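Spelled out from the first residue to the last, the chains are:
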Amino acid sequence: MSAKPPASDPVQDAPEVSAPKESAVGLPAITHALRAAQQQMGIRRTALTLLRVNQPNGFDCPGCAWPEPGKTHTAEFCENGAKAVAEEATLRRVTRAFFAEHPVAELRERSGYWLGQQGRLTEPMYLAEGATHYTPIGWNAALDLIADELKALDSPDEAAFYTSGRTSNEAAFVYQLFAREFGTNNLPDCSNMCHESSGYALGDTIGVGKGSVLLEDLEKADLIIVAGQNPGTNHPRMLTALEGAKRAGTKIMTINPLPEAGMQNFHNPQTPRGLAGPGTSLTDLFLQIRIGGDQALFRLLNKLLLERDGATDDAFIRDHTHGFQDFATAARTATWDETLEATGLTREAIESALEMILASRSIIVCWAMGLTQHKNSVPAIQEIVNFLLLRGNIGRPGAGVCPVRGHSNVQGDRTMGIVERPTPQLLDALEREFGFTPPREHGLDVVDTIRALRDDRVKVFFAVGGNFVSATPDSDLTEAALTRARLTVQISTKLNRSHCVTGRRALILPTLGRTERDRSPGGDEQFVTVEDSMGMVHASRGRLAPAGPQLRSETAILCDLARRVLGPGSSTPWEEFAADYGRIRDAVARVVPGFTDFNTKVARPGGFALPHPPRDSRTFPTATGKANFTAEPLTWPHVPEGRLLLQTLRSHDQYNTTIYGLDDRYRGIKNGRRVVFVHPEDAQRLGLPDGSYADLTSEWTDGSERVAPGFRVVHYPTAPGCAAAYYPETNVLVPLDSTADKSNTPTSKSLIVRLTPTGPDAT
Ligand SMILES: Nc1nc2c(c(=O)[nH]1)N[C@H]1C(S)=C(S)[C@@H](COP(=O)(O)OP(=O)(O)OC[C@H]3O[C@@H](n4cnc5c(=O)[nH]c(N)nc54)[C@H](O)[C@@H]3O)O[C@H]1N2
Ligand SMILES: Nc1nc2c(c(=O)[nH]1)N[C@H]1C(S)=C(S)[C@@H](COP(=O)(O)OP(=O)(O)OC[C@H]3O[C@@H](n4cnc5c(=O)[nH]c(N)nc54)[C@H](O)[C@@H]3O)O[C@H]1N2
Ligand SMILES: [Mo]
């Protein structure tokens, strides 16, 4: 039970509410972007920096993983990309004087927003056992301290190595190599909380856990279905691509419990027409689904397609798939009654969707966290794969699966081997290249790492980026678990809560961001590479002077640490790797499939596409050698009387746990984050007038309850029975054991909650 709001500032939190917006981007977005950027970086640096985002010779935007178009527009950045850049390129600095002034106990009481506003970390800092303050420490002493602690463990599996998805391919490759030479596969990753369900569902069915469409496919599609995603905020450049597709005649169907502004009407900031004109209405059909109802919806659509003469691609099914009969038997059991109950949709809405589908030869389905963070996420995504397979919508232009990734290199980190369940092929290749015996037992994912910390099975926690304590579920339990560690280490750019809730000893190691020039110890300028959401790999070069003379690149830190931990017993050329990232890419070329001639190919502007057998040749590297239909039991969340189903999502002014500001412009919220969006009819039934306050209590199957107090009730046109509130303030409500089947992803989008009125008006 928690009484203390962990990440929002109650003093500043005074939400003002107006009507939600019906369109997105346009001039206001540019003004907001530039204002945010200038506050952090000043005018000259703003212009210089923003012109370099996503340009062939510039750096990859640290915002989202949406790909760059082939011919980049000069201003191929977006409001939220500009905020992400400004957050990193800020001129504010956290120095040793800051840490001398603020005891850790005080920093723990600060909001995540406040911590982030303090600026860039500038030198390594150490929190000794029992100390009240962080104090400066040299790089050598810091790295030796970590090496000593790691070497003193009884087993390498007592350490866990977390990654957040901004890490470059080069750093990710040396990181996983170091962990495995050290002897563990404990590589928990932010994707365990993110697209893991997509990876599972796609790996089992099409044999590749990644999307099968390229940017140019969007314009070739007859229909794009956007399910469980809010691109207006989280992938704004996707709206430009959707607008292009609409111009080419593509229809768009949106499936979401919320009417998100970006999907309704889009004012393209890259064109004068978009700035001044009426904008483009993107969505042709909006299905306002209940949270968790997607599996039921697609199962019924599949049944209806099976019943229609000529609606299925029988040659594709015969030649390329496996498991059709079992799937068809399961699909035929779908009923209208059950589907209407699970989805909250009307029969007419589903019939319109069916007609639109039947009229479309080529279909792409895009999705993000609205599909991945539920108990039934893996079967729901697999039902979408069934849906696409039925009409041969994979492996041809304008058709396929498009999971839209979050962090800008989260997909690349996985490709480089940041996985707790490595394939034997990866381990064999590492063994051949580097001459050591990698551990074969699977390691810990995020949820299991928290359990292991709680039970003293993991004693050293090491993170490259991210904000583990704030991004993970069950905040109170997780924080208590982390404080049991002997040592916690964070390689970070900005201050966050994970520097304040620490193990017995703690280290902060400051690192370069994407925007900054990276010179190796020998003085040569280096570049890194990243992979976007569509499997395109390209170079990223920072140009700004580093935020301080002491900063080191992630790659340099990890190579130096590996050398100290592994000693002369390691035959890996760690120093050469740090001095020349090209050497790392040469090794990647020999270890990771698809990277042959890596250095040559990445030198081309725009980079290169990784092979994707289902997309390229309709070959499916699954156990059956075919694309697999699946027939999983149909489930959806059942909500007891008087309760609502809560999803935790992002506001327009945040990047995960980084809070840029306290507004959510498109949803009509200003100056506050502790709000809960509730359908007016539910609110009335529950006695919650707009503007009243309520505590949120989540109810878990073991009878335990978790409380997040003091949310302003906002009447909002969400699907009935559903509610929404921001992450990370609500992570305290997510039970550690409430995870998706198979993928073990926390169910951050379906929590059963009750709202208890509080404050002066409560009766
Ligand atoms: N500016 C900005 N950009 C970001 C991020 C950020 O925080 N800020 N985060 C990055 C990361 S790591 C990620 S993973 C992505 C996240 O990108 P999104 O997935 O777009 O992010 P969320 O805010 O979690 O929004 C989830 C959407 O799914 C809908 N939804 C919820 N439950 C259901 C359901 O059961 N069914 C359906 N059909 N829809 C549902 C919600 O209403 C909402 O529109 O964005 C990336 N880009
Ligand atoms: N309730 C709930 N919980 C969720 C989600 C949800 O929808 N609801 N979404 C989940 C998802 S999709 C994700 S991806 C996770 C995100 O989890 P994380 O990736 O762990 O969290 P972030 O907030 O993105 O991490 C921000 C921190 O990264 C550091 N950083 C930024 N850039 C760099 C860099 O270039 N290098 C290094 N070394 N550090 C850097 C900064 O110190 C910054 O404070 O959260 C998950 N948690
Ligand atoms: Mo994510």
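From a predicted model like this one, the values you see are computed outputs, not experimental measurements.

Visitor: Help me out: how do you make sense of the site of ligand 2 in this one?
Guide: Not every one of the 30 residues close to ligand 2 is listed here, only the nearest: Tyr-162, Ser-164, Ala-471, Glu-554 and Thr-657. Between Asn-731 and ligand 2, the recorded distance is 2.8 Å, taken from a side-chain N or O atom to a nitrogen atom. Protein chains bury 96% of the 930 Å² of accessible surface belonging to ligand 2 in isolation. For the shell around ligand 2, the class distribution of residues is 9 nonpolar, 16 polar and 5 charged.

Visitor: In this structure, what is going on with the pattern of salt bridges? I would like to understand it.
Guide: Pairs may arise between side chains of opposite charge once their charged atoms sit close together. Within the structure shown, the criterion is met by 54 salt bridges. Note that Arg-308 and Glu-355 form a salt bridge whose closest N and O atoms lie 3.0 Å from each other. Linking Arg-308 in the loop between helix H15 (294–307) and helix H16 (314–320) with Glu-355 in helix H19 (residues 347–358), this pair joins segments that are 47 residues apart in sequence. Among the residues examined, Arg-308 registers a relative accessible area of 38% and is labelled partly exposed. As a salt-bridge pair, Arg-451 and Asp-737 come within 2.7 Å of each other at their nearest N and O atoms. Linking Arg-451 in helix H24 (residues 446–454) with Asp-737 in the loop between strand S32 (722–726) and strand S33 (751–758), this pair joins segments that are 286 residues apart in sequence. Here the residues in one salt-bridge network are Asp-144, Arg-552, Asp-560, Arg-563, Arg-564 and Glu-575, joined through shared partners.

Visitor: Looking at this model, I keep getting lost on the environment of His-235. Mind explaining?
Guide: Locating His-235 in the fold gives a position in the loop between helix H11 (231–234) and helix H12 (236–247). Relative accessible area serves as the criterion here: at 4%, His-235 is assigned to the buried category. Separated by 169 residues in the primary sequence, His-235 and Val-404 have C-alpha atoms spaced 8.4 Å apart. Ignoring any residue separated from it by four or fewer positions in sequence, one finds His-235 in contact with Cys-64, Gln-229, Asn-230, Val-404, Arg-405 and Gly-406. Among the polar contacts listed, one links the side chain of His-235 to the side chain of Gln-229, at a separation of 3.3 Å.

Visitor: How should the packing of helix H8 (residues 169–182) against helix H29 (residues 581–591) be read in this particular structure?
Guide: The axes of two packed helices give the description: the angle between them and the distance between them. Remark: H8 packs on H29, axes separated minimally by 10 Å, with the N-to-C direction vectors making an angle of 65°. It follows that H8 is roughly perpendicular to H29 by the angle criterion. In terms of crossing hand, the pair formed by H8 and H29 is left-handed. Residues Glu-170, Phe-173 and Val-174 of H8 lie in contact with H29, whose contacting residues are Tyr-581, Ile-584, Arg-585, Ala-587, Val-588 and Val-591.

Thresholds applied
- Residues numbered from 1 in each chain as written.
- Chains lettered and ligands numbered in written order.
- Predicted model: local features only at pLDDT ≥ 70, side-chain atom pairs only at ≥ 80, totals over all residues.
- Heavy atoms only, no water.
- Near = heavy atom within 4 Å.
- Polar contact = N/O pair within 3.5 Å; in protein donor to acceptor, adjacent residues only side chain to side chain.
- Areas by Shrake-Rupley, 256 points an atom, 1.4 Å probe, with all protein chains shown as cover.
- Nonpolar A, V, L, I, M, F, W, Y, C, P; charged D, E, K, R; others polar.
- Salt bridge = Lys/Arg side-chain N within 4 Å of Asp/Glu carboxyl O.
- Helix = DSSP H or I, 4+ residues; strand = E, 2+ residues; numbered from the N terminus.
- Buried < 20%, exposed > 50% of the residue type's maximum accessible area, 1.4 Å probe, protein only.
- Contact = heavy atoms within 4.5 Å.
- Axes fitted to C-alpha atoms, helices over the stretch in contact; angles between N-to-C directions.
- Parallel < 35°, antiparallel > 145°, perpendicular 65-115°, else oblique.
- Left-handed = near helix turned anticlockwise from the far one by under 90°.

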